[in-house]
Structures are given as C-alpha cells and as structure tokens.
Amino acid sequence: MRLELATFPVSQVTLDGSTRLEGRNLHVSREELSKLITADVRLSHAEVDVVEPGESVRVVHFCDAIEPRIKVQGPGECYPGLTGSVETVGAGCTHRLAGVSVALSAEYPVKGSGVGAAHEAVLEMSGPGAVSPLSQTINLVLSVKFASGFGQTEYHEALRAAGFKVARHLAQLTLDKEAEHVQLFELAPASGLPKVVYIHQLLTHVSLPVPYLFWYGRAITDWMPFWAHPNELLDGALLPNALGAYAAKPSSWEHVNHPVVQRLYEQHGKSLDFLGVIVHRTRFETFEEKQLSANQAAKLAQLMGAQGAIITWIGAGNAFIEGMLTAQALERMGIKTVFMTYEHGGKEGTESPLMFSVPEADAIVSLGSLDRRITLPPVDRAVGDMTLSIDREAGPERVSASGELKLDWFLPVASGLDHWGAGTQICTAY
Amino acid sequence: MVLISAMPQLAQQVGASRVVAGRKIPHPCGDPTLPPELDFKVRGEIVGMALKALEENVTDPKIFVPISTN
C-alpha cells in the first residue's frame, strides 16, 4: 500500500467574494460556504470566521476540526464511509491543505447528561490554554445554529456532514495545482531493524445514539482489536464524532496528523521497522473484557512479529486499565513496551499519578497532567457565541465567552490532554 | 469496611481491605439486562456477599466473589 501525500500549505485565509486558492492564500466566500451548510434543513444558520495562531481569540462550542483532504488518484475517498463508499483507502495520491483547518462550532440544544452528552470545549489561539496543534493552524470556523425540531443524532449527523462537505470543497481547489511537496508513505521491507507496532487505544461505548468512534463511517462498538495500515489513518478511515472536541476527544484533524504514526513512519527503515497499527477499542465494562481485549491486542502484535510496541490511550480513567493490561500482556510475551500517558496527581501534583499499574509497565512517557487547574485569561473576541456554560449539567448559568475562565481541570480545553505527544505540555521533576 | 467494585483488582491495588466483585462499571450492584426477578437475585447475592465479607477478619486486601457472579 503506497500513498503519496501532496501538501499545499496555506499561510493566509482571506474572506472575500469567491472561493479560490492563489498560491498560499486561500480565499473563501462566506456566502458560498454558508449556503453549502444551510442546504441541510437541520442547520438553520452558519457564520464563517477566521482565527489565527497567536491571536487573542477563543473558539467556543468547539466540536471538531477537519483538515481539507481529497483523494485524487487511487481507490476510495478521503474520510471514507461518510458518503457511502467503504472502499479500502491508503493507496494512490491524496491532496491536503496544510496549516489550515475547518473548525466546527455549535451548541447542541439537547441537554443530555452522562457519557453520551455533548461536551463544551474551547479552542484557545493564544495564552496558557493554547496547547492544541490547532492553536498553531489557521482555522476557518463554521459557527452553526441548529434548526428546531430534530434530535441530537440528526443534529450531529448534519453538523459533521457539513464540516466534511466544506473541507472537501476547499480541498478540491488543489485539483489543477502542483503541490509544494509530496511525501511517500509506504511500509517497504526494512529487514534487520527492530520491529515496532503501534497500539492505538481509543475509548468508545457499546451503545450510544451518537458513537464516539467511526471506522469507515461505521460505529465502533464492542469490537476487539484489529489491524490497520497507517495509510488508512492518513486517509481518515478512523474518525471521532463531533459532539465536542474536549480534552478526551482528539479532533479529526489530529487523527490524520497523528504524531506517533508520523514519527514511526519517519524512522521506518532508519532505526526501526514499523509494522503497522493495532486499533484497540477500550473502555470495556468488566475486568474480563478489558483483559480479553488486552490479550487480543498482544496476540496480534505477536503474530505480526513485533519486538517492540508503543501504546497510547484516550480517556479520563476507565480506559486506562486496558492500557496497563496490554503493556503487561506484551511484556510477558517478550515484546518491549512503552506506554504513553498523562498523569493525575491531584491539584498539587502530590497524589498518586496513575490510578492502576502493573509491574511490567516499566517504560512510561509522561504527557502532562489532567488534574491541574487552569485559568484562561480574557480574550479580545470569542467566536461561536457570546456566552457559554462549561458544565451544562450544573445549571443554567452562563458566562461571557470572551471573559476569564477559571477551570478546575484541563478537560474542557481542546487537546488539554496530550494523548499522542502533539502538544507542548511537559512534566518537570523537582 | 467492604467495597463493592466492578474493578476488584483496582480496588485491591489501592488497598481496600474487603472487595466484593460487582457486575459492570455502570451497574456494580446488579444487572439491569436481566429480567427484574433475576436482577433482584443477583443484587441479593452481591450485597449478601458484602455482609458476609464484613464478618471475616482480613490482614491484606482480599477479593470476595459472589457465588453466581462471573
């Protein structure tokens, strides 16, 4: 499976009369995009804004961000499954607009609670909360209002479809143009080097009206671990929902710009032999299921001939257990394992950093802390709304979207948990 | 003290003295997927085991498994 990824960097986004790409300047027509979005009767209104790195601006009700990508040669389409095609992707040629995202902002009117609820998330473009890779890109923000009379599942479907439709519309602008650079992604034979597998753990739930995760557009439910070619991830076969890109839910943009996959690819044939990705659904509800999924992931790694494994995980607690059990199962097979995780540690950093551990997990990379408080200073402008409610279940009170936000932890901050090592947070021992 | 937990190994690791294995993380003390009368029986077994565990002297964290829970 050989994929050419052709990059068209964007260094400026200008809102004006017509949508076009002139060199690195992406011109966008507000009216055109707005019309595209509101063609769906479930979406009544759409504003289009641009936010830039370093700007004193906050995007509220941040639901997802998408990198414009389009398949120009080879089977299938980028972000497969959304429009029906489930042809296997990862081969041929894909065009991408780099340094820019289509960001979605919308507040779901359905006030849910618990694991299936929409989460408020804020994306900061400057200051201490600008920890996301999307704080470093120009983001074209679509602030969408929902029409009345539909439910959360329909709103979600409409919002997500609108985001990918706009992203595709923009990616199409590259079709007759020459890329600034082209990268080749192929797992060519690399014999003699240590064989390394990436175990990509992602949480979801067995049955929710809006699933957490999609594989070729299909909801991942109680699936056991499966093998994925990293090129499938680059073409967007694995995607999150758009119910709020809070800290425990990396955006679609982050899924196709995955730092662990990128780094393993960089080193493939140089210092290691990258075998591929094991996608491992986590957050099972019994210990036995967690253990089973861990054993199955380790079994796949062994069958692939892995000598080393990197595990990452997503979540706020429950799914951590699978991470540890998988590290244990791998080490017991003689597969050296590195586990990447953030820490707890409490508000002062004095409490236990890990909620569960196994003696075999002897190589852990720390990615920062979830538990610390963070204050987001006031910003010059907010995009998406005038007010927001960080915890909608706590009551109807709302605060100014551009005012100071005192947060009890990093969870509402986009990419506030640096699951894959993309961000800027570090731990310091002192 | 006795702790009913769907993750007994975790409870044991943090040092809970008596741990009773519950059903699932969302519903440790029963099983709403069963018909009500069977769910009631499961709940009785779990709580019954918790009471029994309280009667036992323990020196280290110990896991108690209700008879029909698996």
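Quick caveat: nothing in here was measured; it's all calculated off a predicted structure.

### As for the overall build of chain B
If you tally the helices and strands in chain B, you get two helices and three strands. Reading the helices (α) and strands (β) of chain B from amino to carboxyl end gives β-α-β-α-β. Over its C-alpha trace chain B gives a radius of gyration of 12 Å, about what one expects of a compact globule, namely 11 Å for 70 residues. The dimensions of chain B, computed from C-alpha atoms along their principal axes, are 40 × 20 × 15 Å. For chain B, the proportion of its 70 residues judged to be buried stands at 27%. Partitioning the intrachain contacts of chain B with sequence separation of at least 6 by distance along the chain shows that 44% fall at a separation of at least 24.

### Some thoughts on the interface of chain A and chain B
Contact residues are listed per partner, giving six residues for chain A and nine residues for chain B. Here the side of chain A that touches chain B is built from residues that sort into three nonpolar, two polar and one charged.

### A few points about helix H7 (residues 320–332) of chain A
All names here are of chain A. In this model, H7 (13 residues) spans 19 Å end to end at C-alpha, consistent with the 18 Å of a helix rising 1.5 Å per residue. Along H7, eleven of the 13 residues are buried, which leaves the element largely enclosed by surrounding structure. When we look at burial in H7, the residues that qualify are Phe 320, Ile 321, Glu 322, Gly 323, Met 324, Leu 325, Thr 326, Ala 327, Gln 328, Ala 329 and Leu 330.

### Focus: the nonpolar core
Where a protein is soluble and globular, its nonpolar side chains tend to be buried together. Residue and element names in this part refer to chain A. If you look at the biggest cluster of nonpolar residues, it comprises 140 residues, and the most contacted ones within it are Phe 62, Ala 103, Leu 142, Leu 159 and Ala 301. It is helix H2 (residues 152–171) that provides the largest number of residues to this core, a total of nine residues. Setting aside residues up to four positions removed in sequence, Phe 62 forms contacts with Ala 103, Ser 105, Ala 121, Val 122, Leu 123, Ala 245 and Ala 414.

### Describing helix H2 (residues 36–54) of chain B
All names here are of chain B. Helix length check: H2 (19 residues) gives 27 Å between terminal C-alpha atoms against 27 Å at 1.5 Å per residue, within 8%. Those residues of H2 not exposed but buried are Val 42, Ile 46, Met 49 and Ala 53. Projected down its long axis, H2 carries its buried residues within an arc of 60°, all on one side. With respect to the buried face of H2, the exposed residues turned more than 90 degrees away are Pro 36, Glu 37, Phe 40, Gly 44, Leu 51 and Leu 54.

### What to know about the sheet that holds strand S11 (residues 123–124) of chain A
Residue and element names in this part refer to chain A. Strand order across the open sheet formed by three strands is S11-S6-S24, with mixed pairing between neighbours. The open sheet is flanked by S11 and strand S24 (381–383), the only strands paired with a single partner. Inspection of the sheet shows strand S6 (residues 57–59) paired to S24 by three bridges, in the parallel sense. Among the inter-strand pairings, Val 59 is bridged to a residue of S24, identified as Val 383.

### A few points about the packing of helix H6 (residues 287–303) of chain A against H7 of chain A
Residues and elements named next belong to chain A. Following both chains from N to C, one finds H6 and H7 inclined at 45°, their axes separated by 8 Å at the closest point. Between H6 and H7, the angle falls in the class oblique. H7 is crossed by H6, and the crossing has right-handed handedness. Of H7, the residues touching H6 (which contributes Lys 290, Gln 291, Ser 293, Ala 294, Asn 295, Ala 297, Ala 298 and Ala 301) are Ile 321, Glu 322, Leu 325, Thr 326, Ala 329 and Leu 330.

### Quick word on unusual backbone geometry
Residue and element names in this part refer to chain A. At Arg 283, a residue that is not glycine, the phi angle is positive and equals roughly 80°. On the basis of neighbour count, Arg 283 is assigned to the buried category, with 27 C-beta atoms found within 10 Å. Positive phi values are uncommon outside glycine, yet Ser 415 reaches one of about 60°. For Ser 415, the position within the fold is in the segment after strand S27 (405–407).

### Considerations on the environment of Thr 387 of chain A
All names here are of chain A. Relative to the helices and strands, Thr 387 is located in strand S25 (residues 387–388). Along the backbone, Thr 387 and Leu 36 are 351 residues apart, and their C-alpha atoms lie at a distance of 26 Å. Those residues in contact with Thr 387 that lie beyond four places of it in its chain are Arg 398, Val 399, Ser 400 and Ala 401.

### Focus on the confidence of the model for chain B
Summarising the model, chain B shows a mean pLDDT of 93, and 96% of its residues fall at 70 or more. ipTM for the predicted complex: 0.87, alongside a pTM of 0.95.

### Re the pairing of strand S7 (residues 62–66) of chain A
A regular strand places its side chains on the two faces of the sheet in alternate fashion. All names here are of chain A. Burial runs high along S7: five of the five residues are buried. Inspection of the sheet shows S7 paired to strand S10 (residues 100–105) by four bridges, in the antiparallel sense. Looking across to S10, one finds that Asp 64 is bridged to Leu 104.

### Notes on the sheet that holds strand S9 (residues 92–98) of chain A
Residue and element names in this part refer to chain A. Pairing is mixed across the open sheet formed by four strands, whose spatial order is S8-S9-S1-S13. Since the sheet does not close on itself, it has two edges, and those belong to strand S8 (69–73) and strand S13 (181–186), each with one partner. The mean angle between the axes of side-by-side strands here comes to 25°, regardless of whether they run parallel or antiparallel. As defined by bridge partners, S8 adjoins S9 across four bridges and the pair is classed as antiparallel. If you follow Arg 69 over to S9, its bridge partner there is Arg 96.

### Focus on the environment of Met 355 of chain A
Residue and element names in this part refer to chain A. Along the chain, Met 355 falls in the loop between strand S21 (336–343) and strand S22 (364–369). Met 355 sits in the partly exposed class, given 17 other C-beta atoms within 10 Å. Contacts of Met 355, omitting those with residues within four sequence positions, involve Gly 317, Phe 320 and His 344.

Parameters and conventions
Residues numbered from 1 in each chain as written. Chains lettered and ligands numbered in written order. Predicted model: local features only at pLDDT ≥ 70, side-chain atom pairs only at ≥ 80, totals over all residues. Helix = DSSP H or I, 4+ residues; strand = E, 2+ residues; numbered from the N terminus. Rg over C-alpha atoms; globule rule 2.2 N^0.38 Å. Buried ≥ 20, exposed ≤ 12 C-beta atoms within 10 Å, placed from the backbone. Contact = placed C-beta atoms within 7 Å. Nonpolar A, V, L, I, M, F, W, Y, C, P; charged D, E, K, R; others polar. Expected span 1.5 Å × (residues − 1). Core = buried A, V, L, I, M, F, W, Y, C linked by C-beta atoms within 7 Å. Arc of directions from axis to C-beta. Pairing = 2+ DSSP bridges. Axes fitted to C-alpha atoms, helices over the stretch in contact; angles between N-to-C directions. Parallel < 35°, antiparallel > 145°, perpendicular 65-115°, else oblique. Left-handed = near helix turned anticlockwise from the far one by under 90°. pLDDT = per-residue confidence, 0-100.

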